[in-house]
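# Summary of structural features
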Amino acid sequence: MTLTVVSPVAGAAIPLGAVPDPVFSAALVGPGTAVDPVRAEGTVVSPIAGQVAKLHPHAFVIVGDRGRGVLVHLGIDTVQLGGEGFTLMVDEGDDVDAGTPVVWWDPRQVESGGRSPICPVVALDAPAGEITGRADGHHVAAGDVLFVWE
Amino acid sequence: MTERRVVVGSAVGLHARPAALFVQAATKSGIAVKIAKDGGDPVEARSILAVLSLDVRHGDEVILTADGAGADAALDSLTELLAADLDAAHG
């Protein structure tokens, strides 16, 4: 059964190869795509329905049906912020739908700290060929289809 | 069963970048390596989802296990990788 992955934030969908981090851009974390977010504070939503498997302020993993996990990483090197500027809206272990608010943040704050606010959205452990229908090159609203996991 | 214990050196633990480098190395070894946080169940070292879910922090001790031919060499190199600050290597 295919899994539709929606964008966690509004912005410009860009290829993973354009992410300014060599490990994400080489798809070493996994295949997927990325969103260059609109520079405004707001909520980040879950990309799929499932359970919050791991929740950090700057990144989270939702595990959906068949144990497929999607990682949303808010900005690059933002682990260094120690959670500052991010507000959690759910707990680890919670069940969420695609589109449920998970974190509140301000990409401008990330950027003014000298870090890229670009958000990789990654299908963990997915063979590259299973990811299709990427919205790369388009503007997406939070909740719009970002890619499909076959 | 071969086992190694190592204290994780990456400055902010096994977050996305160092976890991915570790999983890549484990996968390339061709050996079925498992990783456990002290006291927890071992998980598949070749799964980025499993490794990220372990939530390994800087200074945590992890246990790597593997079986069979090549296990020693594979675990030696993975141990070296984890002990290093994988973020410092990024440039």
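Just above, that's the structure.
Rules used throughout
- Residues numbered from 1 in each chain as written.
- Chains lettered and ligands numbered in written order.
- Predicted model: local features only at pLDDT ≥ 70, side-chain atom pairs only at ≥ 80, totals over all residues.
- Heavy atoms only, no water.
- Contact = heavy atoms within 4.5 Å.
- Buried area = accessible area lost by both parts, 1.4 Å probe.
- Salt bridge = Lys/Arg side-chain N within 4 Å of Asp/Glu carboxyl O.
- Polar contact = N/O pair within 3.5 Å; in protein donor to acceptor, adjacent residues only side chain to side chain.
- Helix = DSSP H or I, 4+ residues; strand = E, 2+ residues; numbered from the N terminus.
- Nonpolar A, V, L, I, M, F, W, Y, C, P; charged D, E, K, R; others polar.
- Phe/Tyr/Trp six-rings, centres within 6.5 Å; stacked < 30°, edge-to-face > 60°.
- Buried < 20%, exposed > 50% of the residue type's maximum accessible area, 1.4 Å probe, protein only.
- Lys NZ or Arg CZ within 6 Å of the ring centre and 35° of its normal.

### Considerations on the interface of chain B and chain A
Facing the 16 residues of chain B at the interface are 19 residues of chain A. When the buried surface of chain B facing chain A is broken down by residue, Arg17(B), Ile48(B) and Leu49(B) rank first, second and third, together holding 35% of it. Viewed at the interface, chain A and chain B are joined by 3 salt bridges. The tally of links from chain B across to chain A stands at 7 residue pairs in polar contact (both at pLDDT 80 or more). Taken together, the elements giving at least two residues each to the side of chain B that touches chain A come down to α1 (16-29) and α2 (48-54) of chain B. Considering each element in turn, the side of chain B that touches chain A owes the most residues, 5 residues, to α1(B). Here the residues of the side of chain B that touches chain A sort into 7 nonpolar, 5 polar and 4 charged.

### Side note on the packing of aromatic side chains
All names here are of chain A. Within the structure shown, the criterion is met by 1 aromatic pair over all chains. Judged by centre distance (6.0 Å) and plane angle (20°), the ring pair of phenylalanine 86 and tryptophan 105 falls under stacked. Taken as a pair, phenylalanine 86 in the loop between β7 (69-73) and β8 (87-88) and tryptophan 105 in strand β10 (residues 101-105) lie far apart in primary sequence, 19 residues in all. Tryptophan 105 carries the same exposure label as phenylalanine 86, and that label is buried. When the ring centre of tryptophan 149 is taken as reference, the NZ or CZ atom of arginine 68 above it lies at 5.4 Å.

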